Amino acid sequence: MPRMSKAQLRAAQFRSRAAEILRDPDWLDEGVRYWLEKELRREQGYEYTENEHAALARIIAASMLFEGWDGYSVPELLDTACGYKADGTYDDEVILDELKTRNPIQLRLREMAHLIGFCRNIAGLQLAPFKPEITRYDHIA
């Protein structure tokens, strides 16, 4: 069996991570889902560019799940935010109502950032700034 080059190994890892993300695609924007599917349809010998690896790294970072922040669980943060939703924008209210309907115990990066920002800036909850440590894809690959 011939040895795989570093580029081939990296391409295989790219495909594996993209396929893993697509197993739970509900949170992905339609364009991102389409791009990942397109990347997986490339011929087997294709070597992904640095820009493609960087895009995948951003998607992986966005997929991070959080159970809470600064000692508060997601449900606690959501309950606090909902008590102040009338003080936010209409978009804030829609997002908070949607989250409350789902009743999540974990949120992905973008939703968590919005919730923390709302709790800090509108509800007045004293939370540490939302600057999570994100595992870099290039360290994984």
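Structural notes, computed from the coordinates.

What counts and what doesn't
- What you see as residue numbers is a count from 1 along each chain, following the sequence as written.
- In keeping with the predicted nature of the model, local features appear solely for residues at pLDDT of at least 70, side-chain atom pairs appear and are counted solely at 80 or more, and the whole-chain, interface and lining totals rest on all residues.
- Side-chain metrics in this entry use all non-hydrogen atoms of the structure; hydrogen atoms and water are not considered.
- Structural elements are reduced to axes, namely lines fitted to C-alpha atoms, with helices fitted over the stretch in contact, and the angle between N-to-C directions of any two is expressed from 0 to 180 degrees.
- By definition, any uninterrupted DSSP run of H or I lasting at least four residues is a helix, any uninterrupted run of E lasting at least two residues is a strand, and each is numbered from the N terminus.
- Oblique is the label for any angle not covered by the other classes, which are roughly parallel (under 35 degrees), roughly antiparallel (over 145) and roughly perpendicular (65 to 115).
- Here is the rule for handedness: rotate from the far helix to the near one, and if that takes an anticlockwise turn smaller than a right angle the crossing is left-handed, while a clockwise turn gives right-handed.
- Whether two residues are in contact is decided by their heavy atoms: any pair within 4.5 Å suffices.
- Residue type decides the class: Asp, Glu, Lys and Arg count as charged, Ala, Val, Leu, Ile, Met, Phe, Trp, Tyr, Cys and Pro as nonpolar, and the leftover types, Gly among them, as polar.
- Between the rings of Phe, Tyr and Trp (Trp by its six-membered ring), a pair exists once the centres lie within 6.5 Å; its type follows the angle of the planes, with under 30 degrees stacked, over 60 edge-to-face, and the other angles tilted.
- For every residue, the accessible area (1.4 Å probe, protein chains only) is compared with the maximum for its type, and the residue is labelled buried under 20%, exposed over 50%, or partly exposed between those bounds.
- As a reminder, the over-ring test applies to NZ of lysine and CZ of arginine, requiring each to be within 6 Å of the ring centre and within 35 degrees of the ring normal.

**Quick word on the packing of helix α4 (residues 74-82) against helix α5 (residues 90-102)**
In a packed pair of helices, the relevant descriptors are the angle between the two axes and the axis-to-axis distance.
Then, number 1: Running from N to C, α4 and α5 point in directions that differ by 140°, and their axes come no closer than 10 Å. Judged on the interaxial angle alone, α5 and α4 are oblique. Crossing of α4 against α5: the hand is left-handed. Of the residues in α5, those in contact with L78, D79, A81 and C82 of α4 are L96, L99 and K100.
Then, number 2: When its residues are assigned to classes, the contact of α4 with α5 shows five nonpolar, no polar and two charged.

**Here's the deal with the packing of aromatic side chains**
Then, number 1: Per the counting criterion, the structure on display carries five aromatic pairs.
Then, number 2: Ring plane angle 80° and centroid distance 5.0 Å describe the contact between Y46 and Y48, whose orientation is recorded as edge-to-face. Of the two residues, Y46 and Y48, both sit in the buried class.
Then, number 3: For the ring pair W69 and F130, a centre distance of 4.8 Å and an interplane angle of 70° mean the geometry is edge-to-face. Residue W69 is found in strand β2 (residues 68-69), and its partner F130 is found in the loop between α6 (109-121) and α7 (137-140); the two are separated by 61 residues along the sequence.
Then, number 4: A network of ring pairs unites the aromatic residues F14, W35, Y46 and Y48 as a single cluster.
Then, number 5: The cationic tip of R42 hangs over the ring face of Y46; the distance from NZ or CZ to the ring centre is 4.3 Å.

Read these as geometric descriptors, not functional statements.
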